[in-house]
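Chain residues, written in single-letter form:
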Amino acid sequence: MPNPLFDSLFGIHAGKSTTFLRLPDGHTLTHQDFLETAARTANALTRLGLTAGDRVAVQVQKSPEALALYAACAQAGLVFLPLNTAYTVDELTYFIDNSGASLVVCDSRSEADLKPVAAKLGAKLETLNADGSGSLSANASEMPSHFATVERSGDDLAAFLYTSGTTGRSKGAMLTQNNLLSNAQTLVGEWRFTSEDVLLHALPIFHTHGLFVATNVTLAAGGSMIFMPKFDLDEIIAHMPEATSMMGVPTFYTRLLDDPRFTKDLTSHMRLFVSGSAPLLAETHVQFEERTGHRILERYGMTETNMNTSNPYDGERRAGTVGFPLPGVELKITDTESGTSLPQGEVGQIEVRGPNVFKGYWQMPEKTAAELRGDGFFITGDLGRIDDDGYVHIVGRNKDLIISGGYNIYPKEIELVLDDQPGVMESAVIGVPHPDFGETVLGVIVPEKDTSPDLDAMHDAVKASLARFKHPRKLILLDELPRNTMGKVQKNVLRDAYKDMFA
Ligand code: MLC
Ligand code: AMP
């Protein structure tokens with residue numbers, strides 16, 4: 001029975017004894033091994049009573065079994081909802097509740113905290129650990145290694161990815177099978193991936209970049225991955241000679257360049273380095289070429305759209321640009337107020353339309369209508385321009401967003417916590433340049449008259465409710481926030497004032 005995503009990414013490898021995953025300790029898994037684990041897991045999920053369209057919320061460490069859970073969800077027609085391993089119980093509670101997940105899969109270490117949450121919200125709970133153990137794998141090991149793939153259409157939902165908003169409430173971006181599949185197939189062609197490719201995979205698998213770009217592209221091409229649990233400089237350097245390609249956020253590349261072991265010789269076997277999720281400084285692009293002879297291929301994407309543009313494989317990879325719209329993707333620059341198209345070369349908001357663009361935000365029709373136009377164009381919130389040669393330049397953001405080491409942080413979420421603390425009149429959270437993470441979080445606090453708030457207690461309050469990567473690196477006190485004549489806080493003035501704080 002047809003199931004486009006499963007059939008085209010996974011099913012096509014049935015019976016193949018070719019290597020799919022190479023683990024840093026030398027273990028390997030063939031495509032067939034992987035499919036059998038996925039089928040066993042799909043049987044276990046079905047045995048739990050899950051049926052097509054049910055959501056499966058997953059907060060687990062990166063492992064072959066975690067990836068097989070993604071494949072199992074595709075095969076059983078379930079909606080895969082991966083969650084950052086840094087999220088706190090508060091954050092997870094919202095995602096489980098909002099998505100109406102039927103099942104939560106977590107590490108055994110989180111079981112005690114999440115069991116009551118899942119029970120209260122009517123979800124089942126299973127465990128899956130970094131070493132592949134846990135109740136889900138134990139159930140799966142008793143199941144048959146064949147599963148009758150559940151029929152799905154390309155328009156059916158395959159995944160939810162939560163993305164925060166300017167109001168502080170996260171929105172579940174609904175991605176269809178076709179969104180994911182069409183983008184993966186396009187990228188295979190654009191980036192010339194083949195079954196000969198060995199991708200050095202050090203990204204997390206709970207976001208678009210590591211899962212829907214790196215993994216799906218490798219699957220669609222029939223290649224293999226050196227599957228690293230996380231970005232570890234020593235491990236990356238040790239395994240690079242076995243790889244042909246790597247995908248990463250800019251922090252990966254600046255960390256590599258900071259290491260003298262990263263040389264032209266080490267990369268001589270590589271055919272492609274791709275960067276995205278955050279701006280790659282033109283200076284990093286230039287340094288990388290000087291050191292290795294390779295020009296990084298920068299592309300631009302989003303949770304809601306997968307990949308939109310890419311520099312060319314053949315032809316000039318232009319530093320400081322994100323290249324051209326991908327085949328099938330329309331991109332225009334519009335006026336932020338009126339939404340009308342701007343003349344060539346002018347700066348405005350980037351809008352995109354294509355088979356890659358998501359279906360909307362789960363149960364948030366107003367938010368969907370505000371960002372996804374009736375004619376199918378999605379308002380990205382990024383500001384850009386198209387140069388005379390057609391290259392897209394991202395010049396800023398029309399949304400209050402900080403990107404730290406490739407992770408998105410919405411200031412509002414942190415401001416809400418800070419504003420709640422005793423002695424705080426108001427706060428403003430901004431992103432300032434950081435040599436390792438690109439940007440980092442700075443909190444500016446205006447105390448109530450004649451009070452001096454306890455900054456340590458504020459750090460603790462943030463820690464209790466928000467993931468580590470969102471914590472302000474520093475909190476500072478200010479008598480008042482700069483405002484324009486309309487009374488709006490001028491974050492650009494603050495960003496400018498503190499731009500050298502971590503330089
Ligand atoms: C970890 N920390 C971070 C952080 N990552 N803080 C801010 N920003 C981050 N990105 C915390 C750690 O918990 C730790 O806390 C401290 O900072 C230093 O940790 P580290 O050891 O230096 O970090 P590391 O574990 O090496 O992680 C850094 C990283 C990782 C860059 C390798 O963040 C990463 O893999 N980023 C990739 C994100 C990604 O995949 N983005 C794609 C989104 S999809 P403490 O307590 O020790 O101080 C998307 C669409 C698209 O955007 O276009 O692709
Ligand atoms: P996310 O919501 O996590 O998917 O992040 C998407 C955002 O990351 C985009 O809207 C951009 O602001 C940013 N982004 C992704 N790729 C690039 C890039 N190559 N250059 C600049 N910003 C990027």
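Just above sits the structure.
Residues numbered from 1 in each chain as written. Chains lettered and ligands numbered in written order. Predicted model: local features only at pLDDT ≥ 70, side-chain atom pairs only at ≥ 80, totals over all residues. Heavy atoms only, no water.

Counting residues in hydrophobic clusters, the biggest one holds 107 residues, and the most contacted among them are Phe10, Leu67, Tyr70, Met240, Met246 and Met247. Counting residues per element, this core draws most heavily on helix 3 (residues 64-76), which supplies ten residues. In this structure leucine 67 touches Phe20, Leu21, Phe34, Ile205, Leu211, Thr215, Met225 and Phe227, once residues within four positions along its chain are discounted. In this structure, Ala57, Ile414, Val429 and Ala467 belong to the second largest nonpolar core, which totals 37 residues. (Core = buried A, V, L, I, M, F, W, Y, C linked by side-chain atoms within 4.5 Å. Buried < 20%, exposed > 50% of the residue type's maximum accessible area, 1.4 Å probe, protein only. Helix = DSSP H or I, 4+ residues; strand = E, 2+ residues; numbered from the N terminus. Contact = heavy atoms within 4.5 Å.)

Every one of the 16 residues lining ligand 2 counts as a neighbour, but Arg299, Thr303, Asp382, Lys399 and Asn408 are closest to it. Side-chain polar atom of lysine 399 to an oxygen atom of ligand 2: 2.7 Å apart, as the coordinates give it. The separation between an oxygen atom of ligand 2 and a polar side-chain atom of asparagine 408 is 2.7 Å. Taking 500 Å² as the accessible area of ligand 2 by itself, protein coverage stands at 92%. For the shell around ligand 2, the elements supplying multiple residues, two or more each, are strand 13 (297-302) and strand 20 (392-397). Tallied by class, residues from the shell around ligand 2 come to seven nonpolar, four polar and five charged. (Near = heavy atom within 4 Å. Polar contact = N/O pair within 3.5 Å; in protein donor to acceptor, adjacent residues only side chain to side chain. Areas by Shrake-Rupley, 256 points an atom, 1.4 Å probe, with all protein chains shown as cover. Nonpolar A, V, L, I, M, F, W, Y, C, P; charged D, E, K, R; others polar.)

What follows deals with the site of ligand 1. Around ligand 1, a shell composed of 24 residues is seen, among which Arg255, Ser277, Arg299, Ser404 and Arg468 lie nearest. One of the side-chain nitrogen or oxygen atoms of lysine 230 is found 3.5 Å away from an oxygen atom of ligand 1. Take serine 277: an N or O atom from its side chain is 2.6 Å from an oxygen atom of ligand 1. When residues of the shell around ligand 1 are traced back to their parent elements, those giving at least two are helix 8 (208-221), helix 10 (250-257) and strand 13. Its residues placed into classes, the shell around ligand 1 shows ten nonpolar, nine polar and five charged.

Next up on the list: the pattern of salt bridges. A full pass over the atoms with the stated rule returns 24 salt bridges. Between aspartate 107 and arginine 109 there is a salt bridge; the shortest N-O distance is 3.1 Å. You can call aspartate 107 buried: its relative accessible area is 8%. Residue lysine 470 is joined to glutamate 413 by a salt bridge in which the shortest nitrogen-to-oxygen separation is 3.1 Å. Residue lysine 470 is found in the loop between helix 14 (455-465) and strand 25 (474-477), and its partner glutamate 413 is found in helix 13 (residues 411-419); the two are separated by 57 residues along the sequence. Like lysine 470, the residue glutamate 413 is buried in the burial classification. Among the charged side chains, a salt-bridge network with shared partners connects Glu316, Arg318, Asp387 and Asp389. (Salt bridge = Lys/Arg side-chain N within 4 Å of Asp/Glu carboxyl O.)

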